[in-house]
Every structure is written in C-alpha cells, then in structure tokens.
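Per-entry structural report
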Amino acid sequence: MKARTVLAVALGTVAAATLLVLLAGASPADALAALLRGAFGSKAAAGETAARSTGLVLTAVAAVVAFRAGVLNIGLEGQFLAGAAAAAAVGPLFPDLPFAARAAVILAAPLAGALQAAPAAWLAEKRRVPPVLSTILLNLVAAAGVTWLVRGPLRDPAGDYPQSRALSDAVLLAPLVPGARATAAVLAALVLAALAAFLLSRTPLGLALRAVGEAPRAARAAGLPDVRLRSGAFLASGALAGLGGGLEVLALTGRLYDPFTAGVGYSGIAAALLGGMTPLGGAASGVLFAALGAGSSALQRDAGVPSALASIVPALAVLGLLLAQGGRTAEGSR
Amino acid sequence: MTGFVEIALLLAAPLLIAATGELLLERAGSIQIGLEGTMLVGAFVAFAAGRGGLPPASSLAAAALAGFLAGLLFALFAVARRADPILVGTVWNLLALGATAFAYRLAAGETGAVLEVRTLPRGLFGVPDAVLASFLAPVVLHFWLARTRAGLRLAAAGENPEALRSLGLSVVAVRSGAAAASGVLGALGGAMLILTVSPTFVEGVTAGRGFLALALVVFARWKPLALLPAALLLGGVTALQYQLQAGGFGLPYAFFIALPGLVALGALALASTRGGAPKALGSAAP
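Residues numbered from 1 in each chain as written. Chains lettered and ligands numbered in written order. Predicted model: local features only at pLDDT ≥ 70, side-chain atom pairs only at ≥ 80, totals over all residues. Heavy atoms only, no water.

What follows covers the overall build of chain A. Within chain A, the regular secondary structure consists of 13 helices and 0 strands. Relative to the globule expectation of 20 Å for 334 residues, the C-alpha radius of gyration of chain A, 20 Å, shows essentially globular dimensions. Taking the principal axes of the C-alpha coordinates as reference, chain A spans close to 60 × 55 × 35 Å. For chain A, the residues scored as buried account for 54% of the 334 residues in total. Taking as baseline every contact in chain A between residues at least 6 positions apart, the subset at least 24 positions apart corresponds to 74%. Element-wise, carbon and sulfur atoms account for 67% of the exposed surface of chain A, whose accessible area totals about 13,900 Å². (Helix = DSSP H or I, 4+ residues; strand = E, 2+ residues; numbered from the N terminus. Rg over C-alpha atoms; globule rule 2.2 N^0.38 Å. Buried < 20%, exposed > 50% of the residue type's maximum accessible area, 1.4 Å probe, protein only. Contact = heavy atoms within 4.5 Å. Areas by Shrake-Rupley, 256 points an atom, 1.4 Å probe, with all protein chains shown as cover.)

Set out below in structure tokens:
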C-alpha cells in the first residue's frame, strides 16, 4: 500500500469524524479528549479497552488466516457464537475445579468454532459452494441456535431472563490488575496474533497458504495440496473465532445470552482489512476499534456526541481504503 | 384468526421485497451482503420522514430515494471501482448500523421516550397497498427477467458478462442499475417494517431480517417466484411466535428461523453445481 494512499484515507477519516462531531454540536478538541480519557485515561478505562480487544483481535486474526488462504470466511460471527455456546455449556460443569473448567472451555470453544466452519469448508471444496453464501447461512443457524440454547438446554432455572447458567467466580479469569476488567485472555489473543504473523510470513506452511490464496491454479500446478491448505485455514479461522467467543464467556460475561454479540465477527473482518490483511496489523486495528468502543461512552457522556461515532469511524476508514485500492485480479480470492 | 393472517402478511412483506431486490442484483452477477444495512437505512429514513411530518406514503418514497443512493454508492465501490463486493457489503453493514444509531440519537435527543410515526393506511384484506404490492414484486421480476430484452441482458451480466460485453454493452452499467434498483427495494423493506408493524426506531431495528432475506435468495435458488412461499412461511411462523409470546416456545421458533438457512445449506450440498447460483456471481465486471 502506498504511503500517500494511507495518508489520504487517514486524513479523510479524520475530516469525516470532525464533521460528525461538529454536526452533534460539540467541539472536536473536547470530543477527542473525552474519547482518549474513556479509552486510556484511567486504570479502569485502559482495562476496558484491553478487555474489549480480546474478541476483536481474535476475529481479526481469524479473518486474516482465512482470507490470505483465499477463503472469504464471513462466518466469524457464527463461529464466535459457537465458541461462546460451547464455553457456556462446559464451563459450569466443574464449579469447584477451576483448572479443569478453564481447560474444558479453552479446548471446547475452538473446537466448536472449527465445527461451525466445517460444513462451509466441505461445501466449498466438494460442491463448489462459495463460502460467502454458506457462512452467511451458518451465521443465521448459529444465532438461532443461541436463541434456542438459552431458552432450552442451557437455561439458568434461577434467572428471570433467558440466559445460561453462570460459570462460578472461581472459574472466571481474574483481572490482571485489581480494578480493571482486563484478564490474561487479551494477552493470549496478542500472543496468537504474533504466532499467526510468524507462521504466515516465516514458515513454509505460511508461504504455501499465501500461494494458494494468491494464485490457486499456479499453487495447484506446483503440487501444493491446495484443498487441504484451504480447508485447514478455514477450520483454523473458525477455531480462532470460536476461541474468541469462549474467552468472552470465560473472561467477561460468565454466561451466554441472546443476542450475545453486536457484530464482533463483522468488525473483525473490518479490522483485518484496515490492518492490511496481516495478523499484527489486524490485531492493532482490533485494539484501536476496542479503544474507540471503550472511549465512546465517555464521548457521549462528557462531550454529547452519540457513541455510535465509534462504529462509524472504522467503517469509513475501511471504505476509504477499499475505494483507494479498487480493482481485483481475475484470479482473486473467491 | 384474521389477525394472524394480517400479521403474517405484514411480517412477510419486508423480507419479500428486500429479497426480491437482492435476487435482482445477484442475477446481474453482483452481491450485496450489506442488505441488512440498506434495510436499516430505509427504516431510519422512513422514521425520520414520519417524525418530520411527512405522510406515510411520502415517507416510503423518501426511503426509496435513500435506497437508490445507497445502491449507487455500493455500485461505485463494488462495480465501478471493482472492490470485492463481499468486503464492501460487510463494511456497509457496520457503517449503516453506526450511522443510523448516530442520526437517531441526534434526532431524538436524550429522551428515552418512544417516538412513534403514523403507519400506512390499511386497504384490501386489512393490509396497506404497499404490502400487497410486495407480493407482486417477485412475479413482476420473474416475467421481466424471462420476457424482456432488458431482463435477459441483466441475467446475461450474471451468467456470462464477457458475452454481454462482446455485444458492446456495459456490464458496469447493467450491474450499477441493478444495484440501484436493489437498494430501492431493500430500503423499502426496512421502511415497510417501520410504517406497518413497528412504528418506532431503535438501534438495529431490522434485527437480522437482511441476513434472513439473503438466505431466502439462496433458498429460492435465485428464482423469484420461489421467494413467495418461503417468505410467507417465515412471516407465518413469526406471527405465530407473536401470538404465543409465553415462554416455552423457544425451540420451535428458533428452529423455524434457522430453517431457511438449513434448507438452503442442504440444497447447496445436494445441487450439482453451486445450487443454481448465477455463474459470474460476485465476479469483477470485465
């Protein structure tokens, strides 16, 4: 990407954000100060940013892993939900054995995410069904599944609302610093992002994955196992998103409810795009989106700017990039 | 049970009109997975127009205009600039969700009061004319695609864009037109929701209906007439859920909401090649 493009998109996004702040009748300086205060201004604020980062970083890395292998996995939302549902199912089984309960969640959530992606991977390779179509359908099925689970098998009989039984306090991850919501989950997400970056850019497997994504026919002609590579990337992507859902339950919510996400799977894709489709760039964008989200409540409370600004700004930035980059090659990711 | 039939029709119409628009665009070879966002924009514009004092029919027209612009915007990115439509659509959803929430907050202020708008007047069968017209839309599209020169050209842009181009016709123009029409129908779907069953706006008021409409297109195997029974079934099931609000009904409702997704997945798995999808679906224009 050219530096000039990046600069133009950044300037355009800042200009649009300033315009929206002015439209809301606030001063841009006040709004920026409130946003920064809400995102980083205190231990609690920084902890909130870190806590919100976990799911976004993992879905962003999940998007990168799939997209770089040429798989348009739009099913991150459903895979995230599958992981959260698995965590809510196995987490309460061992209320007095924190280690066992956490291990069960950390194993079950990625597995559920991969299983949620598996039908789409199979359809893509065996039936030539574009993953875009199958994963959108699977997202619907996952959302309906959550609706059913929290009212049926997983329902907490003690609760007034349809929600799952809570994980015990002993099982939930403890904050890294007292008074902040961040747990070790965010560190795990960042470590996985670094591992994915290493794997994609420094290993033969990563090279093969990128080759299959960029030039599938050439990769196949060169003797690469393209079907296995694509399917593996698809399942790994689902596993990462599923882990994101599981960690959301284990570190933050302690249970499953309906609706469980406000589109973290789709935001992860946007973060990956803004990060130039690299794991570290995607992770950085994920943290940026989380900071915007955490800062947005202070933005609304202290500066009178609707908190939705925090979801408009990243979307505008990504649209700007898409407009600047434009066209695809004939043998693109599909 | 007249109440039931009426509610079922009212709930089916937004899905049906939005799915008809999406089907039109996909038959032209592009795809807008941001239909949820377009519906949301239509819902908000209809709400804002209603609060601004416009009569319901004019609110519907205002939403259509917004949808037209949204469709052209999509075409600028995904057709003319040839950015990947999947990525454009994903981001469009996020933008529409944020922008409508932002605008609603500015328009409604801090009050937690429920702001309502007037709904469309009832006509034949106790439902507004626009709702009845929605049921004609797939029929009209069916004959238009099969019987008119313009319809055949549109389908050619989705099946064999190179051939269209070799006739000296612009694939970009055909798909852009389809995107604009599809934007109009998607926004009308969102607006109809506000102007019939839920006459107020809340963040994300469309509640996944855009994704459901996308599933209906696959379920219908890109055949307009097949949208009718599918949308009616979903409308009926949702109306039933409204009538039996009491607890314990979670399983069948969730099952029926998942049903179009499950059946469409099954159809894709069983069909020989891509389940009847247009051959050039999602491709860049030549």
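So, on to a nonpolar patch on the surface. Together, L176, V177, L187 and L190 of chain A make up an exposed nonpolar region whose accessible area comes to about 330 Å². Checked against the element boundaries, L176 of chain A lands in the loop between α6 (131–151) and α7 (184–202). (Patch = residues over 30% accessible without salt bridge, like charges linked within 9 Å, V, L, I, M, F, W, Y side chains within 5 Å. Salt bridge = Lys/Arg side-chain N within 4 Å of Asp/Glu carboxyl O.)

To continue, consider unusual backbone geometry. Backbone torsion omega between D258 of chain A and P259 of chain A reads -5 degrees, so that peptide bond is classified as cis. Mapped onto the fold, P259 of chain A is located in the loop between α10 (226–253) and α11 (264–274). We note that R82 of chain B has phi near 60 degrees; this positive angle belongs to a residue other than glycine. You can call R82 of chain B partly exposed: its relative accessible area is 24%. Backbone geometry at R221 of chain B places phi at a positive 50 degrees, although glycine is not the residue there. Its location among the elements puts R221 of chain B in the loop between α9 (209–219) and α10 (227–243). For R221 of chain B, a relative accessible area of 38% translates into the label partly exposed.

With 47 residues of chain B in contact, the opposing surface of chain A contributes 49 residues. Joining chain B to chain A, the criterion identifies 0 salt bridges. For the pair chain B and chain A, the number of links is 2 residue pairs in polar contact (both at pLDDT 80 or more). Residue assignment for the side of chain B that touches chain A shows that the elements contributing at least two residues are α3 (56–80), α4 (85–108), α9 and α11 (250–270) of chain B. A per-element tally of the side of chain B that touches chain A places α4 of chain B first, with 14 residues. (Polar contact = N/O pair within 3.5 Å; in protein donor to acceptor, adjacent residues only side chain to side chain.)

Residues and elements named next belong to chain A. Running from amino to carboxyl end, helix α3 (residues 43–68) crosses helix α12 (residues 279–303) at an angle of 145 degrees, the nearest separation of the two axes being 7 Å. Crossing handedness for the pair α3 and α12: right-handed. Two secondary-structure elements touch here, α3 through E48, T49, R52, S53, L56, V57, A60, V61 and V64 and α12 through P279, G282, A283, G286, V287, F289, A290, A291, G293 and A294. Across the contact of α3 with α12, the residue classes break down as 12 nonpolar, 5 polar and 2 charged. (Axes fitted to C-alpha atoms, helices over the stretch in contact; angles between N-to-C directions. Left-handed = near helix turned anticlockwise from the far one by under 90°. Nonpolar A, V, L, I, M, F, W, Y, C, P; charged D, E, K, R; others polar.)

A few words on the pattern of salt bridges. Residues and elements named next belong to chain A. Summed over all chains, the structure comprises 11 salt bridges over all chains. The salt bridge involving R230 is made with E125; its shortest N-O contact spans 2.8 Å. Highlighted residues: R230 in helix α10 and E125 in helix α5 (residues 98–127), separated in sequence by 105 residues. Residue classification places R230 among the buried residues on the basis of a relative accessible area of 16%.

All we've got here are geometric facts, nothing functional implied.
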